[in-house]
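# Working through the structure, step by step
The residues making up each chain are set out below.
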Amino acid sequence: MNYYSLNKKAPKTSFKDAVIKGLAPDKGLYFPESITPLPKEFFENIDDLSYSEIAFRAIKQFISPEIPEDVLKTIVEETLSFDFPIIQLNENISTLELFHGPTMAFKDVGARFMARCLGYFNKNNDKEVTVLVATSGDTGGAVANGFLGVKGVNVVILYPSGKVSDIQEKQLTTLGENITALEVNGTFDDCQAMVKKAFLDETLTNQMQLTSANSINVARWLPQLFYFMFAYKQLHKSYGDIVFSVPSGNFGNVCAGMMAQQLGLPVKHFIASNNENNVVTRYLQSKIYEPKPSIQTISNAMDVGAPSNFIRIQEIYKNSFESLNDNLSSYSFSDNKTREAMLEIYSNYNYVADPHGAVGYLGCKAYLKEHPNAHCVFLETAHPTKFLDVVEEVIKKEQPLPVQIEAVMDKEKASIEISSYIDLKNYLLN
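Residues numbered from 1 in each chain as written. Predicted model: local features only at pLDDT ≥ 70, side-chain atom pairs only at ≥ 80, totals over all residues. Heavy atoms only, no water.

The name an unreviewed UniProt entry gives the chain is Threonine synthase, with Jejuia spongiicola as the organism. According to the UniProt record, the Sequence similarities (unreviewed entry) comment for the chain is "Belongs to the threonine synthase family." In its Pathway (unreviewed entry) section, the UniProt entry covering the chain states "Amino-acid biosynthesis; L-threonine biosynthesis; L-threonine from L-aspartate: step 5/5." (UniProt positions renumbered as here; feature names shortened; annotations may be inferred.)

Structural data, given as structure tokens:
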């Protein structure tokens, strides 16, 4: 499979080079040259397939032939070493839990998959690769855990000081080894801007191999399509019109769902559920795409003012607003509405949702008002104890810590404070 830049000013390249470079030389995001739908029989017989078999067959065309099939099967099996259960709340709403991995966030799958691909490509290479990544919350911990100890790979994570939860901060600042956390005096958008500037800086790129582990990287982004197939396997016998409500920040996850649909997954519709960082909600209302500085909310992983992956979504729909509008709805909700939803979910269904999942739940309710016969699945993207202060304040009940969280709570934070791009550049060069 070859990949091309969405800026259309760079040569096509291989999966390997797309993973190692992260961004194309013209600074565009990479996109696969073709998407071949899976045979209809694949979905008709999906109940007979394990999660690993589903994932291998879905991802193979995007990876082959650069990773041999036996190696790719091992990578998939190691990536998917935990469960992805569906919990039904009522006849019209279910949630897909994506937090059963090592850092209890949906990004564990993409980070583990990418780390194993990069480890394979780098196994006979003496040149080190530096993974440079900005995080608004869960990406940092997932990338740190996924790449910990990977040969020839150094990881540098930028995160906004005071704008991630205490547990998220522990997960990305306590591992040591080949992981370094840079605590930025600013917002996530500032962190992301620094990372993008580093990729443009030839004094850096001439001296070191930089790549990104945000969802801009194809190996981080594409494996997220697995989730939607796993949910379909669990629900298709019971429900006809399945709709996914995806809490959306950088839009990699909902974009991956659309890729699953391009592969033939019988999905009726997608919902991008936004907090007050609602550039796509506004776009679908006005046809004007206008990124704005991010706003801090209690669903911090979605605090993104300029979602990187939206250009991939536009590519999937060939830049047709009408085609996109037919397949995607988007709603925006305040922190107060999010808290009300968390309490409603707990009171009505005895289910504890994190703030991001609560935004997804609100997206389901908004969609179902107009489409009462659909079955809507909201993605629960992080374990509620990662947002303990918010969750316990809302539902008035103390929450036990899972073992994955307990393991980092007593570890000592180690971060380097920076305030500007010059600080980042000096750290990388020295």
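Once that is clear, we can look at the packing of aromatic side chains. Across all of its chains, the model carries 24 aromatic pairs by this definition. With a centroid separation of 4.9 Å and 85° between ring planes, the pair formed by Phe 228 and Phe 244 is classed as edge-to-face. One end of the pair, Phe 228, is in helix α11 (residues 225-235); the other, Phe 244, is in strand β10 (residues 242-247), with 16 residues separating them in the sequence. Phe 228 gets classed as buried once you look at its relative accessible area, which sits at 0%. The structure contains a cluster of three or more aromatic residues connected by ring pairs, namely Tyr 51, Phe 82, Phe 84, Phe 106, Phe 113, Phe 226, Tyr 227 and Phe 230. Over the aromatic face of Phe 56 sits the side chain of Lys 73, whose NZ or CZ is 5.1 Å from the ring centroid. Above the ring of Tyr 120, the side-chain terminus of Lys 123 is found at 3.8 Å from the ring centroid. (Phe/Tyr/Trp six-rings, centres within 6.5 Å; stacked < 30°, edge-to-face > 60°. Helix = DSSP H or I, 4+ residues; strand = E, 2+ residues; numbered from the N terminus. Buried < 20%, exposed > 50% of the residue type's maximum accessible area, 1.4 Å probe, protein only. Lys NZ or Arg CZ within 6 Å of the ring centre and 35° of its normal.)

For the rest of this paragraph, the subject is helix α16 (residues 335-349). Taking 1.5 Å of rise per residue, 15 residues should cover 21 Å, and α16 covers 21 Å from first to last C-alpha, within 8% of that figure. Those residues of α16 not exposed but buried are Asp 335, Thr 338, Ala 341, Met 342, Ile 345 and Tyr 346. Projection of α16 onto a plane perpendicular to its axis shows the buried side chains occupying an angular sector of 125°, all on one side. Facing away from the buried side of α16, by more than 90 degrees, are the exposed residues Asn 336, Ser 347 and Asn 348. Against α17 (355-370) and α18 (388-395) lie the buried residues of α16. (Expected span 1.5 Å × (residues − 1). Arc of directions from axis to C-beta. Contact = heavy atoms within 4.5 Å.)

The next thing to look at is empty space enclosed by the protein. Applying the stated criterion across every chain, the model contains two cavities of 30 Å³ or more. Taken together, 24 residues form the lining of the largest cavity, with Phe 106, Lys 107, Gly 249, Asn 250 and Ala 301 sitting closest to its centre. Tallied by class, residues from the lining of the largest cavity come to eight nonpolar, 13 polar and three charged. When its volume is computed, the second largest cavity comes out at roughly 50 Å³. In terms of lining residues, the second largest cavity is bounded by Gln 192, Val 195, Lys 196, Ser 212, Asn 214, Ile 216 and Ser 308. (1 Å grid on protein atoms, 1.4 Å probe; cavity = no way out; pocket = protein on both sides within 12 Å on 5 of 7 lines; lining within 4 Å. Points joined across faces, edges and corners; volume = space filled by probe spheres on them. Nonpolar A, V, L, I, M, F, W, Y, C, P; charged D, E, K, R; others polar.)

Moving on: the UniProt feature "domain: Threonine synthase N-terminal" (unreviewed entry) in the chain. This chain's UniProt record puts "domain: Threonine synthase N-terminal" (unreviewed entry) on residues 2-79. Secondary structure over residues 2-79 splits into 46% helix and 12% strand, and the C-alpha atoms at its two ends are 23 Å apart.

In total, this model carries zero disulfides according to the counting rule given. No disulfide involves Cys 117; its nearest neighbouring cysteine sulfur is the one of Cys 255, lying 18 Å away. A relative accessible area of 0% means that Cys 117 is categorised as buried. (Disulfide = S-S within 2.5 Å.)

So, about unusual backbone geometry. Glycine aside, residues mostly have negative phi angles, and peptide bonds mostly take the trans form. Cis peptide bonds are those with omega within 30 degrees of zero, and the linkage from Ser 64 to Pro 65 qualifies with 0°. You can see Pro 65 is positioned in the loop between α3 (51-63) and α4 (69-79). Unusually for a residue other than glycine, Phe 251 sits at a positive phi of about 70°. You can see Phe 251 is positioned in the loop between β10 and α12 (252-262). For Phe 251, a relative accessible area of 4% gives the class buried. Positive phi is not limited to glycine here, since Asn 319 has a value of about 60°. Examined against the element boundaries, Asn 319 turns out to sit in the loop between α14 (310-316) and α15 (321-327). Look at Asn 319 and you get exposed, because its relative accessible area is 57%.

Bringing the sheet that holds strand β5 (residues 93-97) into the picture now. Taken in spatial order, the six strands make up an open sheet running β4-β5-β13-β10-β11-β12, and their pairing is mixed. Edge positions in the open sheet fall to β4 (86-88) and β12 (328-332), since each of these has one partner strand only. Sheet twist, expressed as the mean angle between neighbouring strand axes with direction ignored, is 25°. As defined by bridge partners, β5 adjoins strand β13 (residues 375-380) across five bridges and the pair is classed as parallel. (Pairing = 2+ DSSP bridges. Axes fitted to C-alpha atoms, helices over the stretch in contact; angles between N-to-C directions.)

The full count for this structure, using the stated rule, is eleven salt bridges. With its nearest N and O atoms 3.2 Å apart, the salt bridge here joins Asp 47 to Lys 237. Here Lys 237 lies in the loop between α11 and β10 and Asp 47 lies in the loop between α2 (40-44) and α3, a separation of 190 residues in the sequence. The partner of Lys 287 in a salt bridge is Glu 322, with the nearest N and O atoms 3.9 Å apart. Of the two residues, Lys 287 is situated in the loop between α13 (279-286) and α14 and Glu 322 in helix α15; the sequence distance between them amounts to 35 residues. Judged by relative accessible area, Lys 287 falls into the exposed class, the value being 54%. Linked by salt bridges that have partners in common, Glu 169, Glu 183 and Lys 413 make up one network. (Salt bridge = Lys/Arg side-chain N within 4 Å of Asp/Glu carboxyl O.)

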